[in-house]
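# Structural characterization, general
What follows is each chain in one-letter form.
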Amino acid sequence: MVQIVVVGSINMDLVTVASRFVAPGETLAGERFLTVAGGKGANQAVAAARLGARVSMIGAVGADLFGDQLYQGLQSEGIDVQHVRRLPDTATGTASISVAEGENCIVIVAGANAQVRPEDVRQAHDVLAGADAILVQMEIPLETVEATLRLGRQLGVPVILNPAPAQPLPLEWLAMAHFITPNQHELATLLSAPVDSDFRAVLEQQSLPLVMTRGGEGVWYRDGDQVRHQAAFSVDVVDTTGAGDTFNAALAVFLGEGLPTAVKKAAAAAALSISRLGAQSGMPTLGEVDALLERQP
Ligand code: RIB
């Protein structure tokens, strides 16, 4: 069984569905409200577990109702939570998400996620050393992202850096990642380049191990000396929240099958996730990914 470790955020997503996005100063009647387990780290952990991996999570929740629900939710997915701390006097991270016309807008409040420290990563040394791949995103302190990259490099375990939400990072950190998985906007921020730059030229010029997602246009990625393209799978879009997380998780789970296969399966898993509402509530099982690959080979 593939062993994945995720270092990252755990949020409760407060999701409002409406026919369109609200304008500043306006009040709009929505269609639906739901609370769904989320957070880029927890989402990637859950997606990897549903795809058949054994998963350990490193993160933090508050000692509050959301924290209890999220902690139990991770356990019920079979995820090892021995390195998820429950912090007194701290609120669990939240994401207020508006969904309209298949798009989303998200405001996150880090809460306990801001307390995920480099020591937490170092304390999980043995778990990380036994991993086939490590996933890390940027909803936790950047020094913890750095510590994860360094420890992964030291242990010889591939680290997939999902640079979301995007911030510029030192090239030295990027060079420690086995794969970096931005979308086009995140790529521009990461490299301090204009957002309308020719991303294919950026991929050609950069020796960084970039795997760039472009929603319905598919994925462009560097495979050795070549830049390759994987087309997107065709599905009806309901909610794109968590699609990137599903993609990253699947990339990690299927990495052992070679990069082109891993990217293809990751694109299939991400497509399934956008055909349903919610982040974790939309994540597919391995059987569902296989079935889509049969329908759209
Ligand atoms: O990537 C989607 C996630 O981003 C949501 O679940 C939300 O919690 C935000 O962190």
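The preceding data block contains the structure.
Heads up: these notes are all about the structure in this document. Because the structure is a prediction, the values reported are computed rather than measured.

The rules behind each value
Residues numbered from 1 in each chain as written. Predicted model: local features only at pLDDT ≥ 70, side-chain atom pairs only at ≥ 80, totals over all residues. Heavy atoms only, no water. Buried < 20%, exposed > 50% of the residue type's maximum accessible area, 1.4 Å probe, protein only. Helix = DSSP H or I, 4+ residues; strand = E, 2+ residues; numbered from the N terminus. Pairing = 2+ DSSP bridges. Right-handed = clockwise from strand over helix to strand, strands pointing away. Contact = heavy atoms within 4.5 Å. Axes fitted to C-alpha atoms, helices over the stretch in contact; angles between N-to-C directions. Core = buried A, V, L, I, M, F, W, Y, C linked by side-chain atoms within 4.5 Å. 1 Å grid on protein atoms, 1.4 Å probe; cavity = no way out; pocket = protein on both sides within 12 Å on 5 of 7 lines; lining within 4 Å. Points joined across faces, edges and corners; volume = space filled by probe spheres on them. Phe/Tyr/Trp six-rings, centres within 6.5 Å; stacked < 30°, edge-to-face > 60°. Lys NZ or Arg CZ within 6 Å of the ring centre and 35° of its normal.

Moving on, we come to the pairing of strand S4 (residues 54-62). Across the nine residues of S4, eight count as buried, placing the element largely inside the fold. Pairing between strand S1 (residues 3-7) and S4: five bridges, direction parallel. Its bridge partner lying in S4, Ile4 is registered against Val55. Relative to strand S5 (residues 80-87), S4 is paired through six bridges, and the arrangement is parallel. By the bridge assignment for S5, Val61 is matched with Arg86. For the crossover from S4 across helix H2 (residues 65-76) to S5, the handedness is right-handed.

Turning next to unusual backbone geometry. Peptide bonds are mostly trans, and most non-glycine residues show a negative phi. Omega for the peptide link from Ala164 to Pro165 comes to -10°, which places this bond in the cis form. Mapped onto the elements, Pro165 comes out in the loop between strand S9 (159-161) and helix H6 (171-174). The backbone of Asp89 sits at a positive phi, close to 55°, despite the residue not being glycine. Here Asp89 lies in the loop between S5 and strand S6 (93-100).

With that settled, the discussion passes to the sheet that holds strand S8 (residues 133-136). Across the sheet, which stays open at both edges, the six strands sit in the order S5-S4-S1-S8-S9-S10 with parallel pairing between neighbours. This sheet does not close on itself; its edge strands, each paired only once, are S5 and strand S10 (179-180). Across two bridges, the pairing between S9 and S10 is parallel. Looking at S10, one finds that Ile160 is bridged to Phe179. Along the sheet, helix H1 (residues 40-50) contacts S1, S4 and S8; its crossing angle with S4, the most-contacted strand, is approximately 155°.

Turning to the nonpolar core, a few remarks are in order. Ile4 and Val55 are the most contacted members of the largest nonpolar core, which has 51 residues in total. Beyond its immediate sequence surroundings of up to four residues, Val55 is in contact with Ile4, Val6, Ala45, Ala48, Ala49, Gly78, Ile79 and Asp80. One finds Val127, Ala131, Leu151 and Ala177 within the second-largest nonpolar core, a separate group that totals 37 residues.

Let's shift gears to the sheet that holds strand S2 (residues 11-17). Taken in spatial order, the four strands make up an open sheet running S3-S2-S6-S7, and their pairing is mixed. Sheet topology places strand S3 (32-38) and strand S7 (103-109) at the edges, where each strand pairs with a single neighbour. Going from strand to strand, the sheet's axes swing by 20° on average, the running direction of each strand aside. Summarising the sheet, S6 and S7 pair through seven bridges and their orientation is antiparallel. The partner of Thr94 across the bridge, within S7, is Val109. Strands S2, S3 and S6 of the sheet are contacted by H2, whose axis makes an angle of about 100° with S2.

For the rest of this paragraph, the subject is the layout of surface pockets. Looking at the largest pocket, its volume works out to about 1200 Å³. Taken together, 43 residues line the largest pocket, and the ones lying closest to its centre are Asn183, Thr213, Thr240, Ala243 and Gly244. For the lining of the largest pocket, the secondary structure elements donating two or more residues are S2, H1, S6, S7, helix H7 (184-190), helix H9 (243-254) and helix H10 (259-274). Residue contributions to the lining of the largest pocket peak at five residues, all from H9.

Before going further, it helps to examine the pairing of S8. Every regular strand shows the same layout, with side chains that alternate between the two sheet faces. The alternating pattern of S8 places Ala133 and Leu135 and Ile134 and Val136 on opposite faces, both of which are buried. Pairing analysis gives four bridges linking S1 to S8, with the strands arranged parallel. For Val7, the partnering residue across the bridge sits in S8 and is Val136. Relative to S9, S8 is paired through three bridges, and the arrangement is parallel. Within S9, the residue paired with Leu135 across the bridge is Ile160.

To continue, consider the packing of aromatic side chains. One pass over the structure, following the stated rule, counts zero aromatic pairs. Above the ring of Tyr71, the side-chain terminus of Arg86 is found at 4.1 Å from the ring centroid. Lying across the ring of Phe254, Lys265 places its NZ or CZ 4.7 Å from the centre.

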